[in-house]
Amino acid sequence: MAKVWFQPRSDVAGAFDGTFSDEDVPEGLSVPPGMTFEKRERWWSKAVLIQAWLHHGTATRQALRPASRIEVAACEERTEITLPPSLRTYQMALGGSETAEEILPLTPSGHDAVGPLLHVYPGIPDLLETLPDRAAVLEQVDSTVAFGSYLGNGSYWCFHRVDGSVWYFDHDGGREPGWRGGSRTAVLTRMFDDVDEYFDALTVIAIGRAHEALGGQDASEAELRRMLGDQRVSTWLY
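All values derive from a computational prediction rather than experimental measurement.

J.: How would you explain helix 3 (residues 69-79) if you had to name every residue and give the values?
T.: The set of residues buried in helix 3 consists of Val72, Cys75, Glu76 and Thr79. Axial view of helix 3: buried residues confined to an arc of 95°, hence all on one face. Facing away from the buried side of helix 3 by more than 90 degrees, the exposed set consists of Ile70 and Glu77. Those residues of helix 3 hidden inside the fold are in contact with helix 4 (85-93) and strand 2 (115-116). Looking one or two residues past helix 3, Glu80 carries a phi angle of roughly 60°, positive in sign.

Structure below.
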């Protein structure tokens, strides 16, 4: 049975009306315990603000580019897909933006936008031409919707149309044995139960980079390994 998505409200953009500087960088990397959904969204906004601060030395409200309800509705009409609730809320609070990675915009504007993975990366059938399980992999790919880009290198973050789980599409996946230590890498790997967990991980990475910029240690990979385990982190970062 398909999950019925709902549309929560968000006031993250409205809550931020000052400037973000080094004094605003959180000390801890872990997700603060006992957070409400609204407080968690504000924590996610740290990733966007930190990225702007790292590039420009400070960040202001303009670093947040929230999407309107009209843009959300237009995206869902264009793609014929209902966005998971947290992705909707994220877009309406922070918008398609660069955090530790790129969250795709809702509206096409000369580059990638949220949409079915096969539309965002139409060359997938050619990449899988020699795979013996090509039909099964293509069926799996067809169930996913791209919403984020990993370093702009052709790999994407996707959510599953039915259960909202988050999958990593590796554009180098499906290689013959001998690639990456002797075994074929997966084209799609399930990484998170939902987009909330992915946004948590991005915020951990952003805070770690901020600590390094301030002369400390970037401990984000160690924290991700604690959160996700070695195998998923290696699939993602390496």
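J.: Before we move on, can you summarise helix 7 (residues 134-141) with the specific residues and values?
T.: By the burial criterion, the buried members of helix 7 are Val137, Leu138 and Val141. The arc enclosing the buried residues of helix 7, seen along the axis, measures out at 100°, which places them on a common side. With respect to the buried face of helix 7, the exposed residues turned more than 90 degrees away are Ala135 and Glu139. Buried positions along helix 7 lie against helix 5 (117-120), helix 6 (124-127), strand 3 (144-150) and strand 6 (188-192).

J.: Just give me the short version of the pairing of strand 5 (residues 166-169), but keep the residues and values in it.
T.: On strand 5, burial covers both faces: Val166 and Tyr168 on one face and Trp167 and Phe169 on the other are all buried. Here strand 4 (residues 155-160) hands over to strand 5 after five residues, with Gly164 in that stretch at a positive phi of 75°.

J.: Before we move on, can you summarise the nonpolar core with the specific residues and values?
T.: If you look at soluble globular proteins, the nonpolar side chains tend to sit buried side by side. Core analysis: the biggest nonpolar cluster contains 67 residues, and Leu117, Phe147, Trp157, Phe199 and Trp236 have the highest contact counts within it. At 10 residues, the largest contribution of residues to this core is made by helix 8 (residues 195-213). Those residues within four positions of Leu117 in sequence are excluded, and the remaining contacts are Ile124, Val141, Thr144, Val145, Ala146, Tyr156, Cys158, Phe169 and Leu188.

J.: Quick one: what's the story with the pattern of salt bridges, residue by residue and with numbers?
T.: The final tally for this structure, using the stated rule, is eight salt bridges. Note that Glu221 and Arg225 form a salt bridge whose closest N and O atoms lie 2.9 Å from each other. Residue Glu221 and its partner Arg225 are located together in helix 9 (residues 220-228), separated by four residues, close to a single helical turn. Residues Glu223 and Arg226 are paired through a salt bridge, measuring 2.7 Å at the closest nitrogen-oxygen approach. With Glu223 and Arg226 both in helix 9 and three residues apart, the pair spans about one turn of that helix. Through salt bridges with shared partners, a single ionic network connects Asp163, Arg190 and Asp193.

J.: Requested: an account of the packing of aromatic side chains, with residues and values cited.
T.: Ring pairs (aromatic) are described by centroid distance and by the angle formed between their planes. Tallied over the entire structure, the rule returns 17 aromatic pairs. Three or more aromatic residues link up through ring pairs in this structure, and these residues are Trp44, Tyr90, Phe147, Tyr150, Trp157, Phe159, Tyr168, Phe192, Tyr198, Phe199 and Trp236.

J.: An account of the packing of helix 9 against helix 10 (residues 230-237) is needed here, citing residue identities and associated values.
T.: Viewed as axis vectors pointing N to C, helix 9 and helix 10 meet at an angle of 130°, and their least axial separation amounts to 7 Å. By the criterion of interaxial angle, the relationship of helix 9 to helix 10 is oblique. From helix 9, Glu221, Leu224, Arg225, Met227 and Leu228 reach across to helix 10, where they touch Asp230, Arg232, Val233, Ser234, Trp236 and Leu237.

About the cut-offs
Residues numbered from 1 in each chain as written. Predicted model: local features only at pLDDT ≥ 70, side-chain atom pairs only at ≥ 80, totals over all residues. Heavy atoms only, no water. Buried < 20%, exposed > 50% of the residue type's maximum accessible area, 1.4 Å probe, protein only. Helix = DSSP H or I, 4+ residues; strand = E, 2+ residues; numbered from the N terminus. Arc of directions from axis to C-beta. Contact = heavy atoms within 4.5 Å. Pairing = 2+ DSSP bridges. Core = buried A, V, L, I, M, F, W, Y, C linked by side-chain atoms within 4.5 Å. Salt bridge = Lys/Arg side-chain N within 4 Å of Asp/Glu carboxyl O. Phe/Tyr/Trp six-rings, centres within 6.5 Å; stacked < 30°, edge-to-face > 60°. Axes fitted to C-alpha atoms, helices over the stretch in contact; angles between N-to-C directions. Parallel < 35°, antiparallel > 145°, perpendicular 65-115°, else oblique.

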